[in-house]
Structure formats: structure tokens, C-alpha cells
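Single-letter residue listing:
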Amino acid sequence: MELLLLTPEKTLFDGEVESVTIPGTKGQFTVWKKHASLITTLAKGEVYFKSVQGENHKFHIEGGFAEIKDNIISICVEKIYHPEIQ
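Source: prediction; values computed, not measured.

1. Describing the overall build of the protein
- Looking only at helices and strands, one finds 0 helices and 9 strands in the protein.
- Traced from its N-terminal end to its C-terminal end, the protein shows the element sequence β-β-β-β-β-β-β-β-β.
- Taking 12 Å as the expected radius of gyration for a compact globule of 86 residues, we find that the protein reaches 12 Å, a close match to that expectation.
- Seen through its C-alpha atoms, the protein measures out along the principal axes to roughly 30 × 30 × 20 Å.
- Taken across its 86 residues, the protein has 42% of its residues classed as buried.
- In the protein, of all internal contacts separated by at least 6 residues, the share reaching a separation of at least 24 is 44%.
- Carbon and sulfur atoms provide 50% of the accessible area of the protein, an area that totals close to 5,200 Å².

Rules behind the numbers
Residues numbered from 1 in each chain as written. Predicted model: local features only at pLDDT ≥ 70, side-chain atom pairs only at ≥ 80, totals over all residues. Heavy atoms only, no water. Helix = DSSP H or I, 4+ residues; strand = E, 2+ residues; numbered from the N terminus. Rg over C-alpha atoms; globule rule 2.2 N^0.38 Å. Buried < 20%, exposed > 50% of the residue type's maximum accessible area, 1.4 Å probe, protein only. Contact = heavy atoms within 4.5 Å. Areas by Shrake-Rupley, 256 points an atom, 1.4 Å probe, with all protein chains shown as cover.

In C-alpha cells:
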């Protein structure tokens, strides 16, 4: 599965992941391979993902939206807080 983490200015992350947990406005949910297609708004909260190398990552967002389609997860945010991603 591919994760694209985007802001209006740039791509912050583009890589292969095993799973992604997202703070949807209707509740937190986890995306796995072959997830149903979905477009959702995001709430303020934490996004977690596990890389295919087994590394766990976490960052805080202030909201945005996500699209899940054909094993590609695109997360678009205006503000993100993470020491490694700025």
C-alpha cells in the first residue's frame, strides 16, 4: 500500500506502508491493504502508520481530508506536527 502525506506546499511522505490509522471526523479507523474506496474529512488528532520495514511512525494533524483508492492512501493536511517532518 502506498501512503502520500501532502500539504498545500509539498509532499511530506511518499512510501510503502502496511497500515495507517487516521482520525476521521466520525471516529478513528485503520486502513489495511485492499480497503474499500473512501473519501473522508479528518479531525484534529494522531495519524499512525507502520512502514513495510516494520517501523512505527506517529504525527499530529490539525485536520484535513483523506482519499483511499486502489491501495493508495492520500492524506492532505494544512498543519502537521512532527519533529522529522516540517
